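Structural description and commentary
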Amino acid sequence: QVQLVESGGGLVQPGGSRRLSCAASGSFFRIKNIDWYRQAPGEQRELVAAITGDGNTNYADSVKGRFTISRDNAKNSVSLQMNSLKPEDTAVYYCHAVDIWTKYNYWGQGTQVTVSS
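Let me sum up the structure you'll find in this document. This structure is a prediction, so every number in the text was calculated from the model and none was measured.

Bringing the state of the cysteines into the picture now. Disulfides are covalent bonds that link the sulfur atoms of two cysteine residues. Across all of its chains, the model carries 1 disulfide by this definition. Disulfide partner of Cys22: Cys95, at an S-S distance of 2.0 Å. With the S-S bond torsion at -80 degrees, the cross-link from Cys22 to Cys95 turns out left-handed. Pair noted here: Cys22 is in strand 3 (residues 18-25) and Cys95 is in strand 9 (residues 91-99), with a separation of 73 residues, a long-range link. Each member of the pair, Cys22 together with Cys95, is buried.

Next comes the structure, spelled out in structure tokens:
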């Protein structure tokens, strides 16, 4: 019943910025935590940032100080502000959430972020 749709990916030059958005629809009241993951070619999918329903955040060491996750509960959306982007940030970025009732893992379709000159 929940759908997650990412947007905002694209080509960015090193040192540039990009803002990703995850829009949730459906039974959003059953979602508390929302996360951003990323997966580079040949690599495991890794957790980039997470935010709880009350606003607590966690970040991967590789993005601390550069990325900021935030949420707007009224709009059922979560964003990831990415600054000082590096080529190693190139990956497909996915929005992720867990239904607290069914424990089902919801994933967005992914949005490609490419950091290159």
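The relative placement of two aromatic rings is captured by the distance of their centres and the angle of their planes. Taken as a whole and judged by the stated rule, the model has 3 aromatic pairs. Note on Tyr94 and Trp107: the rings are 6.4 Å apart at their centroids and 90 degrees apart in plane angle, and the pair reads as edge-to-face. Pair noted here: Tyr94 is in strand 9 and Trp107 is in strand 10 (residues 105-107), with a separation of 13 residues, a long-range link. Using a relative accessible area of 36% as the deciding quantity, one classes Trp107 as partly exposed. On the basis of an interplanar angle of 70 degrees and a centroid distance of 4.8 Å, the ring pair of Tyr104 and Tyr106 is categorised as edge-to-face. Among the residues examined, Tyr106 registers a relative accessible area of 12% and is labelled buried. Taking NZ or CZ as reference, Arg45 lies 3.8 Å from the ring centre of Tyr94, over its face. If you follow Arg45 out to its NZ or CZ, it ends over the ring of Trp107, 4.6 Å from the centre.

Rules and cut-offs
Residues numbered from 1 in each chain as written. Predicted model: local features only at pLDDT ≥ 70, side-chain atom pairs only at ≥ 80, totals over all residues. Heavy atoms only, no water. Disulfide = S-S within 2.5 Å. Helix = DSSP H or I, 4+ residues; strand = E, 2+ residues; numbered from the N terminus. Buried < 20%, exposed > 50% of the residue type's maximum accessible area, 1.4 Å probe, protein only. Phe/Tyr/Trp six-rings, centres within 6.5 Å; stacked < 30°, edge-to-face > 60°. Lys NZ or Arg CZ within 6 Å of the ring centre and 35° of its normal.

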